[in-house]
Amino acid sequence: MTQPSPSWLVPVVFIALGIGGSGRLALGEERGDRPPVDFATQVRPLLSDRCFQCHGPDEGSREADLRLDLRSSATEDRGGYAAVLPHEAAESELVFRIAADDPDERMPPVESGLSLDAEEIALLSRWIDEGAAYAGHWAFERPERAAPPAVGDEGWPRDSLDRFILAELEAAQVLPAQPADRATLLRRVSLDLTGLPPTLAELDAFEVDTAPDAYERVVDRLLASTAHAERLAADWLDVARYADTFGYQSDVNMNVWPWRDWVLDAFEENLPYDDFVTQQLAGDLIPDATRDTRLATTFNRLHRQTNEGGSVEEEFRVEYVSDRVETMAAAFLGLTMGCARCHDHKFDSFTQREFYSFSSFFDDIDESGLYSHFTGSVPTPALDLPTQAQERELAELEEAVVAAEQALAGFDVLPRRGVPAAGRFSFEPEAVTANAVEGGPAAVLVDAPVAVEGSRGQGLRLSGENAVAFPGLGDFHRSDPFSIGLWLNMPAFERAVVIHRTKSWTDSGSRGYQLLVEEGRLVVALVHFWPGDAIAIRTRETFPTGEWHHVAFTYDGSSRASGLHLYLDGEPAECEVVRDHLTRTIRGGSIGNLAIGSRFRDKGYKDGLVDEVTLHGRELCAEEAAVLAKEGVVEGGAPDPAADAAGETLRAARARRDVLRDRIRQIMTMAEAPDLPAARRTAHLLHRGVYSERRDPVEPGMPDCLPTLGFETPRDRLDLARWITHPDHPLTARVQVDRLWRTVFSVGLLPRPEDIGSQSPPPRHRALIDTLARDFIESGWDCRALLRRLVLSATYRQASVASEGAIAADPDNELFSRARRGRRPAEMIRDGALHAAGLLASTRGGPSVFPYEPPGLWQQKCGKRYPTGRGDSLRRRSLYTFWKRTSPPPAMALFDVPAREVCAVARPSTVSPLQVLTLWNDPQFVEAAVRVAASAVEATSDDAGRIEHLMRALTSHAPTEREARELGALLTAQREAYRSDVDAARTLAAFDLERFVHGEATPTDGADLSEEDAVERAATAVVASALLGLDATLTRR
Amino acid sequence: MTEHERALALQGHLRTLGRRSLLRGAGLGLASLALGRIARGDEGEQAQGLHHAPRARRVVHLFQSGGPSQLELFDHKPLLQERNGEELPDSVRRGQRLTGMSGNQASLPLAGAQFQFARHGESGAWMSELVPHTAAIADDLCIVRTVVTEAINHDPAATFLLTGSQIAGRPSMGAWLSYGLGTMNGDLPVFCVLVTKGKGGQPLYKRLWGSGFLSARHQGVQLRAGPDPVLYLNDPPGLDRATRRRMLDALREMHEDDAQRSGDVAPLDRIAQAELAFRLQSSVPEVADLSDEPDATFELYGEDARNPGTYAANCVLARRLIERDVRFVQLFHRGWDQHGSLPGAIRTQCRETDRASAALVTDLKRRGLLDDTLVVWGGEFGRTCYCQGKLTPTNYGRDHHPRCASVWMAGGGVRAGSVYGETDEFGYNIVRDPVHVHDLHATILHLLGVDHERLVHRHQGRRFRLTDVHGEVVEALVG
C-alpha cells in the first residue's frame, strides 16, 4: 500500500491571517520609530478571530457580558477592574488573562483550541498602552479619494491609477514588467473584454497598425460589441445564481431566460451600475417602472424552489426569502449574511435581528413556498411578457370585454340562459346518485359515504377520505358564470375541503375552484396559482356547527372578487376579499371531478353532512339564491332574450381574451403583495432560523454597523436599493470596482471578494480602490468607462513574464509587478475553441440551448432525456447552455463553474485530469480540432505554415523554434501513422458533431475525401487537439 | 511509480531546470507541487497530517436513496403488529410535524411489519426475513437504530446526510475526505460514485457528490456502466493510444520549454495532469471491467453482478476500487421511498441489495481489507410507524420519518456485532442513545483519523466543517 500524501488538515489556529503580526512589529522595532498600532488592521482582526466567538456581537454565545468589539464594554468598570484599561496594559484584565500561565485563567480557554502567541499578546498590550483606540472597520467607512502619489518614473504611468501601483513598486524597489507584446496584449484584452480570442485577421491588422491610438481603437471596438455584453453577463449569472431550472429534486424548467436577456441588454447599453442595482432589486417599485424594469427583478426569484410532495410551504418560503437576502448582500455589498440567519454573527457586527430586518424587504411579495406540481403555472408574482402582436391583440380583446360589460350593465336582470344548468342531487334512498336535471349525469359515491337523515329526506355523511363526485359536471372556465348550492351540517373545523374541482391541495399548486372551511369560516376561491393569481372571498362569521344550513355561492365570470357572492340560508353573507387577482386559466393539470368531501393530501370534510346539491351554469341573482334556499329549486322566470344575448357576448369576449392571455409568456418577478388584510405578512425574527420558531416582529431596516444615509425608517425594496446606491455608501462602489478590476485583471483588489466584513483585512491597495470607487461614483456609475480605463492603463499592459527581481520582491504579484496568469474560465475555453475553429454561432439571446453532453446524465438522475440540440444550438456561446441545477453541464462543472444553487461571487480555478480528458475527447473539442485543422490545411500546404496557422488561431502566437520543432515532428509522425491507417484518418477528418451526437455518423463518412486530404486533415487535427490542451491556450497571459 | 515517487521525480526535474527561486517566486511552492495539489485562493490554508491514528483508511458508503423502512428491516416492533390498525396515540406523536402527504389524513393507523423477524449472530440482533444475507453477517455489523435527521423531505434530508447541511453549496462527504486526506492512488480518482442503472425513485442531484465551495478537483467522479465509464474517457474515433502518447510527448516538451521561458510552474502541473489523464484512460477501464473476476465472485455477490450497472455489479466494482486504494466509494441505489405498496416494493429493493451488500463486507474481510475499510449502509431518513394511505390486510405504506432511522456499519474500526440505540415500542421516538447525522459524520471522520472540529475550510469569512458547529464522536460505536 502506498503512503497517503500529507494531508491538508487545518489546525484550529489559523496562521494565515497574515495581518498585524510579527513581521511588521519586528520591523518597527528595528527602526525604532514604530507607528502606533492600528486598530482596524491589526487589532480588530485578531480580536475577531480569537475573542469574538464569546465576546463579540453574538448575544447567544456571549460570556461574562463582555464585548470586545465595543470600546464601551471593553473599558467598562467591572467593579474595580476593566477588561481594557486604556494606557494601562499591565492593569488590564484582558492582558492578564491572555498572558496567564494557569490554564483556568487563560484566555482564549484551552478547550476552544484558540490561542495567542507572544507577539500577538505584545501587540495587544502595546495597543492598550497607546490608549486602546477603537476605529470602525475600514470597509464600513466612506471611501475617500486619495491624491495620486508622486512617482520616480514619470514616463510609466498612463493613467492616475498607475501612479498608485508604481509608487508601491518603487517603494519595494521593483521595476514593473515590460509591456506585453502586441499579440499577447490583443489576445488578453480580447478575452478579458469579450471572452473570445482574436481572429487571425484581427491579429494581422493589429500587428501592422502602428498608429498611437491603435490599441485604444481595439478596446473601443471590443467594448461596443455584443460579445462584450455576453462576457460580462456570464459572470453575472454566477452572482445571480442563474439557472434554467428550479433545483431541488424535481428540478423543472423555470423559464427565466428573458431575465438573462435583460442582463445582456443592460451590459450592451452600459446601464449605469446604480440603475443596474436598483432595477434588479426594486424595478417594480421605481416611479417610472416599465415592463423591462420589472423584468429586472427576476434577479430576486432565481433562487431554488421546490415542489417536493409533502413539503411545508412556509419552510421553503422562508428559505427563498433568506436566499434573497444572502444574494443581495453578497452581490452588492460583499457581505456574508448567511450566518446571521441562525444566530448573531460571531465576527461581523450583524445581529440576527438585522438579518430579519433585511429579509423583511424581500418578504413583501404574494408567493408560495412551493411551485406547482401538476401544472406549468409560473409561480407568482409573475409578469406577462407579450410579444408586440400579442400586446396589440390583447388590447383589442380587452376593449371588447369592456364594451360587452357596459352593454350588459344596461340590463336590470341577469342573463338566464348561459351555459346549460347542470345538476340537482337529493341523495334520496330510491336513487342516491340520481341527477334530477333531465339527461344530467349522475353522481358517483367514492368509498361509500354513509346515508344519514338529511336537510330534507336523506343526506350523506363524509369520512374525510371519501367523496361524492360529479363526473361530467362543473368544468367551468373563468369566463363562465356559475353557481353552486348545497345544504351543509358540519362539526367545528379548523380546515376542511367541502366542494371543489381541483387536483389537490395548494402544496401542489393546483388550479380550479373550491369552497373550503378555514378557521371555521367559508372561503370560496377560483385559482390559477395560489396565492398570487386567484380570487377568493371569505365569510366574516364562522359557520354555525351541528345544524343544517343552506350555502350558495355565485360567480359572474368576471375574474374579479367582486363577481363572487356567498349566501347563507338565502341571505347574502358578509364577506371579505382574500385575493383579487385572477389573470389565467383555472383549468388543466389533470384536474379531477367536481367532488364533495376530500381531496388528495388535504384535510377532508370529516364527519360533515351534505344534502341537496345544485349546480347552475349561470350566475344566480340574490332573489334566486333566496328561492333556492327556501324551495330547493329555481324555476327561472321569463327569459329576456336581449339580456341573454348580451351575457353570451360578454362570456365569449372574455373567453377570447383569456385564451390569448394564457398563451402569453410569463416570468417570475417581484411585485408587492396586494393591500388586503388577508395578504399582509409581518416579518419575524426566526429563532435558529427555523420557519416555525417565530419571535418578535421586525421592521425593515439597515444594520447598525453601516451608515443609514438618511434611510432611518426605510419602507421597501426601493429604499433599500437607494440606500445601496447612495453615493456615500461605503461598500457598493468598492465591491463593484473590485469586480470590474477582477474582470480584466483576473484577480481583484480585495483579498476576499465574497466578504469584506470585519474578518477581512484592508486591501493592499486601499487608496487605489477607494479612489477608483469615488471616480466610479462620480462618473455616474459608468462600468464601461471604468473598464476602459483599466485596460488602457500601463499596469494592465504589462507582460506576465517577470524578472527575477520582481519575483523575489513580489512573489505573489500582490503589487501588480506583472500581469496575472491563470486558467481562463470554462466559457472562454469552450467558446475560444469554437471561435478559433470558425464554429461559434453568433445568435444572441433567446431560450437556452442544449449543446452536446454525454448521454444518460439526466436519465440516470431523474429519468428525463437530455434534448440535444441541432445546428447552431450545438455551437452557441456557453452562457446560453441550458443550466439544470441537479445535473449541470458536465464539461463546465469540471472547469469550476459553480452549481448555481446559491450566489457565487468568485470561482476556484483548478487543474485536473478530467479537464484534460474533456479537452481531448469531448466531441465539441474534437470537432473544433478537426475544423481548425481543416482551415490550416486549406490555408497552406506547408507544414510550418500549418503549424503557425494553428498556433496563432489557438494561442494567438507564432510557435517558438522549439515548439515548431516538436509540433512538426508530431505532424510528421501522425502523417506516417495515418498513411498506414487511412480509414482512421477518414473517420477523424470527417468528424461532424451533429452527426456524431445524433448517432448519424456512418463508416462511409469521409469516403469523399481523397486519401491525401484525409491523411493531411487528420494528422493536422491531432496537432490541433494537442494545442487545445496547451497551457498557453488555456491560460491568461 | 507512486504519487510520492512521481512527486520526487518532478522535484528533481525542476531542480535540474535550475530555476527554483523563480519557480517559488511564481507563488507556487515546490511542496504544494509535490502533492500534485496546487494551492490557490482560499485553498491556500494548509497543514499537517492526521489528527490521530486512523482505524479506517477507506470508506464505502452504500447510500439507499428514498429512506428504507427501518420497521421492516432492523427495528423490530411487535407492538405494531399487535395493534395494527389502531390510531397512533397522540401521546406518542406529541404534535411533532408530519409531511403534507399524510399530515392531513383523517386517520393515522399503526401498521405492523408483515415480515418475520428473528435474532441473528452472537449479538442477537433482530433482522427480518427480507435481509437474510445481511443477517448472516450480523456479527460483523454495528447496527445503529437511532439515527436522527432534521429534514422531513428527500432533497433536504439527502443533502444533509451527504453534505452535512440542508443548504446547498457545501462540499459532500467524499469531497471533504478528498480535501482532507488526499489520494492513495494517483491513477484513480479519490472519490468514486456508482449509481445503480435504470432504477426509478427519488431523483439524484450532482450536489450530493459535488465539491461545493472546494475546488472541482474534490468532486466525486461518477463511474458509469457502459463503454465510457468516466466522462470523456475514450479517445475519439480515428485517434488511437499511440497518437495520444505522441501528443503527450510533444506537449511535455512544449510545457517544459514554456516553464523555462516564463518561470511559471503552471505548465508543469498541467502536463502532470495530462499524464494522469492518460493513465486514467487505462486504469479506469481496467478497474471497471469485471471480466477477470472468477465465478466465485458472482457466486458471492449473486448473478446480478454480471450485469454492469446493477447494485451487485457496483458492489463488486466498489471492492475493486477499494483494493486499489480509492479513498471513498459511494453507491447510490434509488427506490426506497415506499409511501404505498410497501410490502412488495421493499421485497424488490432487498432482493437487489441484500446479498451484494453482505457480500461486499464478506469479500473485504476475506481479503483482509475490512480492518481498515469502513462500510456504511443507510438512507436519508426512516419511515413512519403509521400507515400512509389505506391500510389493508396485505398492503400499506409509510411516510417519511426523520426521528429515527437504522444504519449499519462494518469494518474500519467500528464495534462489530453490536446494536446501538433504542426506539420506543412504536418505533416513533428514541428512548436511548440518539445519533444525530452530525454525530455520525463526526464518528466516521474519527475512524479515519480526523478530528471533525479541525477539518475546516475557510470560505466567505467563515470556517466551514462537515459537521457545521455540531457533532460528537459516538465512542460506543468504535470497537
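S.K.: How would you summarise the overall build of chain A if you had to cite specific residues and measurements?
M.R.: Broken down by element type, chain A carries 35 helices and 22 strands. Counting only C-alpha atoms and orienting by the principal axes, one finds that chain A spans roughly 105 × 100 × 65 Å. Expressed as a percentage of the 1037 residues in chain A, the buried residues total 55%. Contacts in chain A between residues at least 24 apart in sequence constitute 71% of all its contacts with a sequence separation of at least 6.

S.K.: Outline the overall build of chain B, supporting the account with residue identities and numerical values.
M.R.: On a plain count of helices and strands, chain B comes out with 15 helices and 17 strands. Every one of the 479 residues in chain B was classed for burial, and the buried ones make up 62%. Of all intrachain contacts in chain B linking residues separated by at least 6 positions in sequence, the fraction that spans at least 24 positions is 75%.

S.K.: Before we move on, could you go through the interface of chain A and chain B and cite the residues and values that matter?
M.R.: Taken together, the contact pairs 107 residues of chain A with 94 residues of chain B. Among the elements that line the side of chain A that touches chain B, the one with the most residues is helix 31 (residues 961–979) of chain A, at nine residues. Here the side of chain A that touches chain B is built from residues that sort into 50 nonpolar, 34 polar and 23 charged.

S.K.: Summarise the packing of helix 32 (residues 982–989) of chain A against helix 34 (residues 1011–1028) of chain A; cite the residues concerned and give the values.
M.R.: Residues and elements named next belong to chain A. Close contact between helix 32 and helix 34 brings their axes to 8 Å; oriented N to C, the two are set at 65 degrees. With respect to helix 34, the axis of helix 32 lies roughly perpendicular. The handedness of the crossing between helix 32 and helix 34 comes out as left-handed. On the side of helix 32, the interface is formed by Val 982, Ala 985, Arg 986, Leu 988 and Ala 989, while helix 34 contributes Glu 1011, Ala 1014, Val 1015, Arg 1017, Ala 1018 and Ala 1021. Grouping the amino acids of the contact of helix 32 with helix 34 by side-chain chemistry returns eight nonpolar, no polar and three charged.

S.K.: Could you give an account of the domain arrangement of chain B, naming the residues involved and the relevant values?
M.R.: Residue and element names in this part refer to chain B. Taken as a whole, chain B is organised into domain 1 (59–225 + 308–477) and domain 2 (235–307). Facing the 20 residues of domain 1 at the interface are 15 residues of domain 2. Secondary-structure elements contributing two or more residues to the side of domain 1 that touches domain 2 are helix 13 (311–323) and helix 14 (342–366). Partitioning the side of domain 1 that touches domain 2 into residue classes produces 11 nonpolar, four polar and five charged.

S.K.: Describe the domain arrangement of chain A, and please don't skip the residues or the numbers.
M.R.: Assigned domains of chain A: these are domain 1 (15–135), domain 2 (250–380 + 679–737), domain 3 (388–417 + 639–663), domain 4 (427–636) and domain 5 (921–1036). Here domain 1 of chain A and domain 2 of chain A have C-alpha centroids that lie 37 Å from each other.

S.K.: Please set out the packing of helix 25 (residues 826–836) of chain A against helix 29 (residues 923–939) of chain A residue by residue, giving values where relevant.
M.R.: All names here are of chain A. Where helix 25 meets helix 29, the axes come as close as 8 Å, and the angle between the chain directions of the two elements is 30 degrees. Regarding the angle of helix 25 to helix 29, the classification is roughly parallel. For helix 25 against helix 29, the interelement crossing comes out left-handed. Between helix 25 and helix 29, the contacting residues are Arg 830, Ala 833, Leu 834 and Ala 836 on the first element and Gln 924, Phe 925, Ala 928 and Val 932 on the second. Residue classes in the contact of helix 25 with helix 29 are distributed as six nonpolar, one polar and one charged.

S.K.: Account for the sheet that holds strand 15 (residues 575–581) of chain A, with residues named and values stated.
M.R.: All names here are of chain A. One open sheet accounts for eight strands, arranged 3-6-16-8-9-10-11-15; its pairing is antiparallel. Because the sheet does not close on itself, it has two edges, and the strands there are strand 3 (444–446) and strand 15. Averaged over all adjacent pairs, the angle separating strand axes in this sheet is 15 degrees, with direction ignored. As defined by bridge partners, strand 3 adjoins strand 6 (residues 467–470) across three bridges and the pair is classed as antiparallel. Directly across from Val 444, in strand 6, lies its bridge partner Ala 469.

S.K.: Which residues make up unusual backbone geometry, and what values go with them?
M.R.: Residue and element names in this part refer to chain A. Look at the link from Met 107 to Pro 108: it is a cis peptide, with omega at -10 degrees. As for its position among the elements, Pro 108 is in the loop between helix 5 (93–98) and helix 6 (118–129). Here the bond from Trp 530 into Pro 531 is cis, since omega is 5 degrees, no more than 30 degrees from zero. Inspection of the secondary structure puts Pro 531 in the loop between strand 10 (521–529) and strand 11 (533–539). Positive phi, close to 60 degrees, is recorded for Gln 173, a residue that is not glycine. We note that Asp 896 has phi near 75 degrees; this positive angle belongs to a residue other than glycine. Considering the arrangement of structural elements, one finds Asp 896 in the loop between helix 27 (890–894) and helix 28 (913–921).

S.K.: Describe helix 22 (residues 766–778) of chain A, listing the residues and the values that go with them.
M.R.: Residue and element names in this part refer to chain A. Over its 13 residues, helix 22 runs 18 Å from end to end, which matches the ideal 18 Å to within 8%, given 1.5 Å per residue. If you check which residues of helix 22 are buried, you get Leu 768, Ile 769, Asp 770, Thr 771, Leu 772, Ala 773, Phe 776 and Ile 777. Following helix 22 by one or two positions, Gly 780 has its phi on the positive side, about 80 degrees.

S.K.: Which residues make up the environment of Pro 171 of chain B, and what are the values?
M.R.: All names here are of chain B. Here Pro 171 shows up in the loop between helix 8 (154–163) and helix 9 (173–181). Counting along the chain gives 44 residues from Pro 171 to Ser 215, while the straight-line C-alpha distance between them is 9.3 Å. Those residues in contact with Pro 171 that sit more than four places away from it in its chain are Thr 163, Trp 176, Tyr 179, Ser 211, Gly 212, Phe 213, Leu 214 and His 218.

S.K.: A description of the environment of Ala 534 of chain A should follow, citing residues and the corresponding values.
M.R.: Residue and element names in this part refer to chain A. As for its placement among the helices and strands, Ala 534 is situated in strand 11. For the pair Ala 534 and Asp 251, spaced 283 residues apart in sequence, the C-alpha to C-alpha distance is 25 Å. Ignoring any residue separated from it by four or fewer positions in sequence, one finds Ala 534 in contact with Ala 525, Leu 526, Val 527, His 528, Arg 579, His 581 and Leu 582.

S.K.: Lay out the confidence of the model for chain A in plain terms, naming residues and giving numbers.
M.R.: The predicted model of chain A has a mean per-residue pLDDT of 91, with 95% of residues at 70 or higher. Every residue in residues 1–32 of chain A is under pLDDT 50, and counting partners more than four places away or in other chains gives 70 contacts.

S.K.: Please provide a residue-by-residue account of helix 2 (residues 39–50) of chain A, values included.
M.R.: Residues and elements named next belong to chain A. With 10 of 12 residues buried, helix 2 lies mostly within the body of the structure. Listing the buried residues of helix 2 in full gives Phe 39, Ala 40, Gln 42, Val 43, Arg 44, Pro 45, Leu 47, Ser 48, Asp 49 and Arg 50. If you follow the buried residues of helix 2, they end up packed against helix 3 (52–55) and helix 6.

S.K.: Tell me about the nonpolar core, and name the residues and values.
M.R.: Residues and elements named next belong to chain A. Counting residues in each nonpolar core, the largest one holds 200 residues, and the members touching the most others are Val 932 and Leu 950. In contact with Val 932, other than residues within four places in its own chain, are Ala 836, Ala 837, Leu 950, Ala 953, Leu 954 and Ala 1024. Val 174, Ile 667, Val 744 and Ile 807 belong to the second-largest nonpolar core, a separate cluster that totals 148 residues.

S.K.: I'd like a rundown of the pairing of strand 4 (residues 450–453) of chain A, residues and numbers included.
M.R.: Residue and element names in this part refer to chain A. Where strand 4 and strand 5 (residues 458–461) come together, four bridges link them in antiparallel fashion. When the bridges of strand 5 are listed, Val 452 appears paired with Gly 459. Between strand 4 and strand 5, which follow one another and run antiparallel, lie four residues, and Gly 457 among them has a positive phi close to 65 degrees.

S.K.: I'd like a rundown of the environment of Ala 158 of chain B, residues and numbers included.
M.R.: Residues and elements named next belong to chain B. For Ala 158, the position within the fold is in helix 8. Owing to 28 C-beta atoms within 10 Å, Ala 158 belongs among the buried residues under this scheme. Measuring from C-alpha to C-alpha, the distance between Ala 158 and Leu 208 comes to 7.4 Å, with 50 residues separating the pair along the chain.

S.K.: How would you summarise the confidence of the model for chain B if you had to cite specific residues and measurements?
M.R.: Predicted coordinates in regions of low pLDDT should not be interpreted in detail. Residue and element names in this part refer to chain B. In this model, chain B carries a mean pLDDT of 88, and residues with pLDDT of at least 70 account for 89%. Between residues 1–48, whose pLDDT stays under 50, and residues either more than four places distant or in other chains, the model counts 83 contacts. Among the prediction metrics, the complex's ipTM stands at 0.84, with pTM recorded as 0.86.

Here is what the cut-offs are and how they apply
- Residues numbered from 1 in each chain as written.
- Chains lettered and ligands numbered in written order.
- Predicted model: local features only at pLDDT ≥ 70, side-chain atom pairs only at ≥ 80, totals over all residues.
- Helix = DSSP H or I, 4+ residues; strand = E, 2+ residues; numbered from the N terminus.
- Buried ≥ 20, exposed ≤ 12 C-beta atoms within 10 Å, placed from the backbone.
- Contact = placed C-beta atoms within 7 Å.
- Nonpolar A, V, L, I, M, F, W, Y, C, P; charged D, E, K, R; others polar.
- Axes fitted to C-alpha atoms, helices over the stretch in contact; angles between N-to-C directions.
- Parallel < 35°, antiparallel > 145°, perpendicular 65-115°, else oblique.
- Left-handed = near helix turned anticlockwise from the far one by under 90°.
- Domains from an automatic or database assignment.
- Pairing = 2+ DSSP bridges.
- Expected span 1.5 Å × (residues − 1).
- pLDDT = per-residue confidence, 0-100.
- Core = buried A, V, L, I, M, F, W, Y, C linked by C-beta atoms within 7 Å.

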